[in-house]
Amino acid sequence: MLLSLTGAHVRFGGRPALDAVDLDVAEHETVCVLGPSGSGKSTLLRAVAGLQPLDGGRVLLDGRDQAAVPAHRREVGLMFQDHQLFPQHDVGGNVAFGPRMHGMPKHERAARVAELLDLVGLPGAERRAVAALSGGEQQRVALARALAARPRLLMLDEPLGQLDRSLRERLVVELRELFARLGTTVLAVTHDQGEAFALADRVVVMREGRIAQSGTPLEVWQRPADAFVARFLGFDNVVPATVTGQAADTPWGKLPVPEGSPQGPGTLLVRPAGVRLVTGAEGLPCTVTARTFRGTHVSVHLRPEGAPRLEAACALRDAPEVGSEVGVAFDAAETVLLG
Ligand SMILES: Nc1ncnc2c1ncn2[C@@H]1O[C@H](COP(=O)(O)OP(=O)(O)OP(=O)(O)O)[C@@H](O)[C@H]1O
């Protein structure tokens, strides 16, 4: 493992910000830490970078305990969300900062800077003023600067935080390609699940200083560990359920569940794609309370009588009007028992 945290604890005024965190990052792996505001993501990065001492547990880089290693001697690069470029330096001066600090000779530095600006898609931008760059360009310069010192581990805090959506979606693809090409090991934190799922080989979901779930994007998406993770991912159709065979008793009535589902009491999730609108008197009667266009589909909000609200994903042309009465049927293939 390139990075291992074992039993990492950090407390602020008695409250845990990191609570018994165990986390491994393998060489060449990109791990994205995801979680709501205040769940401990930045504290985790700062602890690895040596900017935040641990109250318990260990940080190992390449198997070596980092307790006595000061921040500037750890082989990690850190890129913060407000990219903090030096406004008095041009682009080249910003990217060359780390190599200069490490005493790299001038001609080597120039070659390294040119290579990195090429990599991040800003070839020949050395002499441009950072104030004259767009937000996305500044982000790339910050990334080139973080990569310039060739860190063993690159850590990104909300790397694309302030950019608009289309730029973020484009950059996330470019970053993934770049990291694969360079073989960079990356630990990134974000509160944006789309970003995390697009960038990561593995996502780690945090809750109140603890790891709620760790897995590949597909594993976490298909099988959220619990109701918290499911809701954090934006799934709202989550209810208590009791499973017997291939049926579950829920507040929405008896629902079909996949073969092999855990039996007895539990928590059930139905993805919006598994909430089908049916005609006439069939299914669970619901009132349509809202419709939101999502580009590829319409998210339809439904209020059943005396049961928790539901969200359905509908084709654009099939979405019913707000206020209409519809019936709902459930699809076992889109239903998951959590935990
Ligand atoms: N220097 C500090 N002093 C006191 N409390 C702190 C300090 N830094 C963080 N905390 C607290 O520790 C907890 C975790 O904070 P942290 O910044 O790691 O969360 P986060 O997941 O990165 O949040 P965000 O997404 O808002 O950046 C929060 O409750 C926060 O208030």
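See the structure shown above.
This text gives an overview of the structure that appears in the document. (Residues numbered from 1 in each chain as written. Predicted model: local features only at pLDDT ≥ 70, side-chain atom pairs only at ≥ 80, totals over all residues.)

1. A few points about the environment of S39
Line of reasoning, step 1. Following the sequence through the fold, S39 ends up in the loop between strand 3 (30-34) and helix 1 (41-49).
Line of reasoning, step 2. Residue S39 is classed as buried on the basis of its C-beta count, with 24 C-beta atoms lying within 10 Å.
Line of reasoning, step 3. Here the alpha-carbon distance between S39 and H191, two residues 152 residues apart in the chain, equals 9.8 Å.
Line of reasoning, step 4. Setting aside anything within four residues of it in sequence, one finds S39 in contact with M206, R207, E208 and G209. (Helix = DSSP H or I, 4+ residues; strand = E, 2+ residues; numbered from the N terminus. Buried ≥ 20, exposed ≤ 12 C-beta atoms within 10 Å, placed from the backbone. Contact = placed C-beta atoms within 7 Å.)

2. So, the site of the ligand
Line of reasoning, step 1. Around the ligand lies a shell formed by F12, A17, G35, S37, G38, S39, G40, K41, S42, T43 and H191.
Line of reasoning, step 2. Per-element tally for the shell around the ligand: the top contributor is helix 1, with three residues.
Line of reasoning, step 3. Of the residues that constitute the shell around the ligand, the class distribution is two nonpolar, eight polar and one charged. (Near = placed C-beta within 6 Å. Nonpolar A, V, L, I, M, F, W, Y, C, P; charged D, E, K, R; others polar.)

3. What to know about the sheet that holds strand 10 (residues 210-215)
Line of reasoning, step 1. Reading across from one edge, 6-7-8-3-9-10 is the order of the six strands in this open sheet, with mixed pairing throughout. If you trace the sheet from one side to the other, it starts and ends with strand 6 (76-79) and strand 10, each paired once. Direction aside, neighbouring strands of the sheet carry axes that sit 20° apart on average.
Line of reasoning, step 2. The pairing of strand 3 with strand 8 (residues 185-190) spans five bridges and is parallel. (Pairing = 2+ DSSP bridges. Axes fitted to C-alpha atoms, helices over the stretch in contact; angles between N-to-C directions.)

4. So, unusual backbone geometry
Line of reasoning, step 1. For H28, which is not glycine, the phi torsion reads 70° and is therefore positive.
Line of reasoning, step 2. When you line up the elements, H28 lands in the loop between strand 2 (15-25) and strand 3.
Line of reasoning, step 3. For H28, a count of 14 C-beta atoms within 10 Å gives the class partly exposed.
Line of reasoning, step 4. Of note in this structure, R150 is not a glycine but carries a positive phi near 50°.

5. Thoughts on the pairing of strand 13 (residues 253-256)
Line of reasoning, step 1. As judged from the four bridges shared by strand 12 (residues 247-250) and strand 13, these two strands associate in the antiparallel manner. Bridge assignment links D249 to a residue of strand 13, and that residue is K254.
Line of reasoning, step 2. Counting the residues in the hairpin turn of strand 12 and strand 13 gives two residues.

6. Considerations on the sheet that holds strand 2
Line of reasoning, step 1. With respect to topology, four strands assemble into an open sheet ordered 2-1-4-5, the strand pairing being antiparallel. With one partner strand each, in any of the chains shown, strand 2 and strand 5 (64-65) form the two edges of the open sheet.
Line of reasoning, step 2. Judged from the two bridges that link them, strand 4 (residues 56-61) and strand 5 form a sheet pairing that is antiparallel. Looking at the pairing, L61 lines up with R64 of strand 5.

7. As for helix 5 (residues 135-148)
Because an α-helix packs 3.6 residues into every turn, residues spaced three or four apart end up facing the same way.
Line of reasoning, step 1. Taking 1.5 Å per residue, 14 residues should reach 20 Å; helix 5 reaches 20 Å between its end C-alpha atoms and fits that length.
Line of reasoning, step 2. Helix 5 sits mainly inside the fold: eleven of its 14 residues count as buried.
Line of reasoning, step 3. Its buried side turned inward, helix 5 meets strand 6, helix 2 (91-95), helix 3 (97-101), helix 4 (106-119), strand 7 (153-157) and helix 6 (165-182).
Line of reasoning, step 4. One or two steps after helix 5, the chain reaches R150, where phi turns positive at roughly 50°. (Expected span 1.5 Å × (residues − 1).)

8. Some details on helix 6
Line of reasoning, step 1. With 18 residues, helix 6 should cover 26 Å at 1.5 Å per step; its first-to-last C-alpha distance of 25 Å lies within 8% of that length.
Line of reasoning, step 2. The set of residues buried in helix 6 consists of R168, L171, V172, L175 and F179. The arc that holds the buried residues of helix 6, viewed along the axis, is 110°, so those residues lie on one side. Residues of helix 6 that are exposed and angled more than 90 degrees away from the buried face: S166, V173, E177, A180 and R181.
Line of reasoning, step 3. Where helix 6 is buried, its residues touch strand 3, helix 5, strand 8 and helix 7 (193-199).
Line of reasoning, step 4. After helix 6 finishes, the residue G183 shows a positive phi value of roughly 70°. (Arc of directions from axis to C-beta.)

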